[in-house]
Amino acid sequence: MTNNHHTSRHHGGGGREDCWTESETETLIESWGDRYLQLNRGNLRQKDWKDVADAVNANRDLSKVPRTDVQCKNRIDTLKKKYKLEKSKTTPSKWPFFTRLGDLIGTGGSVTRKKINTPKTAVVSVTVKSGSNPNPDVKGVVYSGGSDDESVGRMESLDDSDGMMAYKELARAIVRFGEVYERMENLKQEEMVKLEKQRMEFTRELEFQRLNMFMETQVELEKMKNNKKKKKNKRSSATGSLSTGKKPQR
């Protein structure tokens, strides 16, 4: 019996070094709650969690290992699950943090909606922890910080996978946009090359026509000069024959 109890207490990984005192938990809830409300009940950033951990460690026994931001986040997730369990009971809750957590997450904020999508295994492990077990055939499953942390870890792994999927979708969208942009740029370059070729053809044709017109003008000018020379020669010969015809008469 002692062996089983010892195993269940260490089932969450890390043994009971993660056991939180009531004072630590109260400080954690207040520090997290302030930032949670400042963010309009949104998710805390990593810097916020580090500030929460600093606030918890400021009131912590110096002989103990300081809390990390990851431990604080896991503890808050565990407290949220505990609150939901206490709220589902028919009798009034005697849990000391029930009222404070009800003020923060009791209205069904974004974090509460997120927990609805948790896997059935995580919900069962938390539900069975109640003092009045509805199924007496279920044995060896008790409520403890370790089992809760396991469920939270599974939920966090699912959240992380969802986040990775979102990043992958974003990356694929960026790649698709880059491909479309590249195709548009290639079409633009091809169109510019075509326009340049057309411009060069038009310029060459225009230059060719100008050269033809110049040559034709030169030919016409030469013809006109030749005609003038011919007319001049005819006049000269006519004048010469007249002058030679008068000399014998004298």
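Residues numbered from 1 in each chain as written. Predicted model: local features only at pLDDT ≥ 70, side-chain atom pairs only at ≥ 80, totals over all residues. Heavy atoms only, no water.

Asker: I tried to follow the overall build of the protein on my own but got confused; where do I start?
Answerer: Helix and strand counts for the protein come out as eight helices and zero strands. Starting at the N terminus and ending at the C terminus, the protein contains elements arranged as α-α-α-α-α-α-α-α. Long-range pairs, those at least 24 residues apart, make up 64% of the contacts in the protein with a sequence separation of at least 6. Roughly 18,800 Å² of accessible area belongs to the protein as shown, and the carbon and sulfur atoms make up 57% of that amount. (Helix = DSSP H or I, 4+ residues; strand = E, 2+ residues; numbered from the N terminus. Contact = heavy atoms within 4.5 Å. Areas by Shrake-Rupley, 256 points an atom, 1.4 Å probe, with all protein chains shown as cover.)

Asker: Explain the side chain of Ser31 to me, please; I cannot follow it from the model alone.
Answerer: Following the sequence through the fold, Ser31 ends up in helix α2 (residues 22-38). By relative accessible area, Ser31 is classed as buried at 7%. Among residues more than four places away in sequence, those in contact with Ser31 are Asp51, Val52 and Ala55. (Buried < 20%, exposed > 50% of the residue type's maximum accessible area, 1.4 Å probe, protein only.)

Asker: In this structure, what is going on with the nonpolar core? I would like to understand it.
Answerer: Counting residues in each nonpolar core, the largest one holds 19 residues, and the members touching the most others are Leu28, Trp32, Trp49, Val52, Cys72, Leu79 and Leu101. Broken down by secondary-structure element, the contributors of at least two residues to this core are α2, α3 (46-58), α4 (69-88) and α5 (98-105). Here Leu28 is in contact with Trp20, Val52, Val56, Cys72, Arg75, Ile76 and Leu79, once residues within four sequence places are set aside. (Core = buried A, V, L, I, M, F, W, Y, C linked by side-chain atoms within 4.5 Å.)

Asker: What is the right way to look at the environment of Ser23 in this model?
Answerer: With respect to the helices and strands, the residue Ser23 is situated in helix α2. Relative accessible area serves as the criterion here: at 44%, Ser23 is assigned to the partly exposed category. In this structure, the C-alpha to C-alpha distance between Ser23 and Arg60, residues 37 residues apart in sequence, is 8.6 Å.

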